[in-house]
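# Secondary and tertiary structure notes
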Amino acid sequence: MRLSESVLHVVAVCIFLSARFANATSANGAVLDDLLEALHEQTGVPGLSVAVSRHGNLLWHGEAGFADVTARQAVDRDTVFRLASVSKAVCAVIAARMVEEDAIDVDARAGELMPDLPEQYQSLTLRDLLTHTSGLPHYEARDFARGGTRYSSAVAGLEQLGDRSLVAAPGASYLYSTHGFSLASAMLERATEQTFTELFTRVVSVSDQWRTLALESEGSDTGRRTLIYEASRNADPRELEREDFSYSWCGAGMEASAADLSNFASSLFGTRSVLGRAGQRLLAVAMRDRNGDVVIAERWLMTFGWRQSTDASGENYLHHAGVTNGARSIVAVWP
């Protein structure tokens, strides 16, 4: 990780690793402890949390630094971090479950569910949106003031999307877009006649093994959250105001402790999963675009909302990362 020498835009860092270390030992834990301390020293961020799980069982977790610098509140196993765009990986699980239940099809068109959408969005499909091939832009200048409104549903949150133009033809190319996941969550609401908060509760909030995994504005562990900081290596970190991500819970609005998200992610494949075999396959297998070509993005392939890469030993793994005020997060899963 190479960071600016001057300004760290996000300084509460949460790293999630899942399912790779099947035979963790105390010796391995000591090595990981040392690596975590080195990372903390190298980056200079106030606080970090890392966890490793297998099949929903926590094998190791480590913490360094502070969740609240002024109060000297140390990061611990239950400290809750913003997930930022790692929320997209969790949202994909909900979407895969709805596909399994035949509530929605991966090629369902947005206009079939929401005829009142602007014309340029009518033909966009769940496949387009979750593989970032919809042509929707990512954040633009008009979005700098986002996060000042509390929305009660994903459909209401589409106010933030508005009537902006597509920047590429649907299905033509990979273009990362949080707005695409906002639209996807609204489609899920219309298809199921349930709010996204209800869908989240039904699919995700089913186990005490990951109780802190929540929609940020709905979370109950407010006393466990890290504060939001901007920092310089040569000055004390400056606390920032916490904006409201309810306009896109699906794209950026979730939170969890490292341990709880690690347990959730490592449970996605196998008999303990909240998904059946069809849903697990959606997450694990590279998706194809409208032309039948595998979606290739930067250094990875796109599955249903996840990124697929190959590690040094030749094994495929899934991952997602996110950056926002107060969070730099990573989740990786070896199915």
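Not measured: the values here are computed from a predicted model. (Residues numbered from 1 in each chain as written. Predicted model: local features only at pLDDT ≥ 70, side-chain atom pairs only at ≥ 80, totals over all residues. Heavy atoms only, no water.)

## Section: empty space enclosed by the protein
- Within the structure shown, the criterion is met by 1 cavity of 30 Å³ or more.
- Size it by volume and the largest cavity reaches roughly 40 Å³.
- Contributing to the lining of the largest cavity are Val86, Ala89, Val90, Leu261, Phe264, Ala265, Leu268, Trp306 and Val331.
- Mapped onto the lining of the largest cavity, the elements with two or more residues apiece are helix 2 (87–100) and helix 9 (258–266).
- The element contributing the most residues to the lining of the largest cavity is helix 9, with 3 residues. (1 Å grid on protein atoms, 1.4 Å probe; cavity = no way out; pocket = protein on both sides within 12 Å on 5 of 7 lines; lining within 4 Å. Points joined across faces, edges and corners; volume = space filled by probe spheres on them. Helix = DSSP H or I, 4+ residues; strand = E, 2+ residues; numbered from the N terminus.)

## Things to note about the environment of Val295
- Relative to the helices and strands, Val295 is located in the loop between helix 10 (277–284) and strand 11 (296–297).
- Residues Val295 and Thr131 lie 164 residues apart in sequence; the distance between their C-alpha atoms is 7.2 Å.
- Discounting residues that sit within four places of it in the chain, Val295 has contacts with Thr131, Thr133, Tyr174, Met287, Arg288, Asp289, Trp300, Leu301 and Met302. (Contact = heavy atoms within 4.5 Å.)

## What about the sheet that holds strand 6 (residues 81–82)?
- Spatial ordering of the open sheet is given by 6-10-7, a layout of 3 strands whose pairing is antiparallel. If you trace the sheet from one side to the other, it starts and ends with strand 6 and strand 7 (214–215), each paired once.
- With 2 bridges connecting them, strand 6 and strand 10 (residues 254–256) associate as antiparallel partners. Looking across to strand 10, one finds that Phe81 is bridged to Ala256. (Pairing = 2+ DSSP bridges.)

## Details of the state of the cysteines
- Within this structure, the stated rule accounts for 1 disulfide.
- The disulfide bridge from Cys91 ends at Cys250, spanning 1.7 Å between sulfur atoms. One disulfide, between Cys91 and Cys250, carries an S-S torsion of -65° and so falls in the left-handed class. Linking Cys91 in helix 2 with Cys250 in helix 8 (residues 249–252), this pair joins segments that are 159 residues apart in sequence. The pair formed by Cys91 and Cys250 is uniform in burial state, with each residue classed as buried. (Disulfide = S-S within 2.5 Å. Buried < 20%, exposed > 50% of the residue type's maximum accessible area, 1.4 Å probe, protein only.)

Without other data, these values stay purely geometric and don't point to any function.
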